[in-house]
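Residue-level structural notes
Take a look at the letters that make up each chain.
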Amino acid sequence: SGVFFGKSRENNTIFELRYGGAHRRLPHPFQYQITLETQQYRDVFDRPASYLRGTAEWKQIFYYKQKSKISLRFFAGYFLQNTHRNRDIQTPYNHLTLNPQGFNDYRFDHLFFARSGADNFFGRQVSQSDGGFKGAFGAAFARSAGNSNNFVFAVNLRADLPKRLPLGLPIKPYFDFGYFDDATPLGEGRPSSEQLLWSGGLALEFFKGGLEFYFPLAHSKTLKNLYCEQGGGSNDSALFCGGNYWKMISWSMRLRFVEPMNLVERLAR
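The structure presented is a predicted model; accordingly, all values stated were derived computationally and were not measured.

1. Digging into the nonpolar core
Core analysis: the largest hydrophobic core is formed by 22 residues, its most contacted members being Tyr 51, Leu 98, Phe 133, Phe 137, Val 152, Leu 197 and Leu 223. Elements represented by at least two residues in this core include exactly strand E3 (48-65), strand E4 (68-82), strand E7 (151-159) and helix H2 (221-231). With three residues, H2 is the largest single contributor of residues to this core. Dropping the residues within four chain positions of it, Phe 137 is found in contact with Asn 99, Gln 101, Ala 145, Leu 223, Leu 226, Tyr 227 and Gln 230. Judged by nonpolar contacts, the second largest core, of five residues, contains Val 126, Tyr 174, Ala 203 and Tyr 214.

Below you can see the structure in the form of structure tokens.
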């Protein structure tokens, strides 16, 4: 109605236990991280709620020639306890996602120019967290795009081209594969094929991954329907759905802040 009702403040405390390691020796360095996170909060009906979730991430690089590599990332997340596991109510706190965007970033770990997922270029920003998919579909399509209040797992692949392109264009093929479980009442009886998602395309990578642009080319049926609806075209056999391909392009920006413990270690040397 255009009436301003004022502002409110929510103060939530998040507890996290994290363990990680790395093996940097060539030719196949890797790193991993295991995390437990818990929080108590109040849902949209002002009822007490809580969760305990565990996540695991594995990253590894495989060099197939000098300065050319294939990057692998594996992510899995599961709610060991979730008061909203079987409720048809989702908040940023009580779900994992395959396609992370600003509205999923409840801890404000990343910098977003349009956290609500506005229908413009800035609203198509994604983050390489959780499932690491590159789709920017917005909160309205979160359930179909891979949100789960139970568990998700994903595999993200990216490769350097074997030969340098003209003008040194930093183009890298990518492929994402994952599964999410919809445990809400609306998800009961949902076909597994709708929860098994994959997508692939080309990425433009600048500043060692600090700024990236994603151009999707092939997708599973569920994601193709979302891309076609987003692009304003019909779901036909055409590569770009006969719509506006510009709306299918997404991007990410990562600022590499120094971890406090890493800074302490450097100062102690």
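Next comes the rest of the account.
2. Some details on a nonpolar patch on the surface
A cluster of nonpolar side chains, Phe 62, Tyr 64, Ile 70, Leu 157, Phe 175, Phe 177, Leu 196 and Trp 198, forms an exposed patch at the surface whose accessible area comes to about 630 Å². Listing elements by their share of the nonpolar patch, those giving two or more residues are E3, strand E8 (171-180) and strand E9 (196-206). Considering the arrangement of structural elements, one finds Phe 175 in strand E8. A relative accessible area of 33% means that Phe 175 is categorised as partly exposed.

3. Some details on unusual backbone geometry
Of note, the bond from Leu 26 into Pro 27 is cis; its omega dihedral lies within 30 degrees of zero at 10°. Mapping Pro 27 onto the fold places it in the loop between strand E1 (14-23) and strand E2 (30-42). Non-glycine residue Lys 67 carries a positive phi angle of around 65°. If you trace the backbone, Lys 67 turns up in the loop between E3 and E4. Look at Asp 130: it is not a glycine, yet its phi comes out positive at around 45°. Relative to the elements of secondary structure, Asp 130 occurs in the loop between strand E5 (96-97) and strand E6 (147-148).

Definitions and limits used
Residues numbered from 1 in each chain as written. Predicted model: local features only at pLDDT ≥ 70, side-chain atom pairs only at ≥ 80, totals over all residues. Heavy atoms only, no water. Core = buried A, V, L, I, M, F, W, Y, C linked by side-chain atoms within 4.5 Å. Buried < 20%, exposed > 50% of the residue type's maximum accessible area, 1.4 Å probe, protein only. Helix = DSSP H or I, 4+ residues; strand = E, 2+ residues; numbered from the N terminus. Contact = heavy atoms within 4.5 Å. Patch = residues over 30% accessible without salt bridge, like charges linked within 9 Å, V, L, I, M, F, W, Y side chains within 5 Å. Areas by Shrake-Rupley, 256 points an atom, 1.4 Å probe, with all protein chains shown as cover. Salt bridge = Lys/Arg side-chain N within 4 Å of Asp/Glu carboxyl O.

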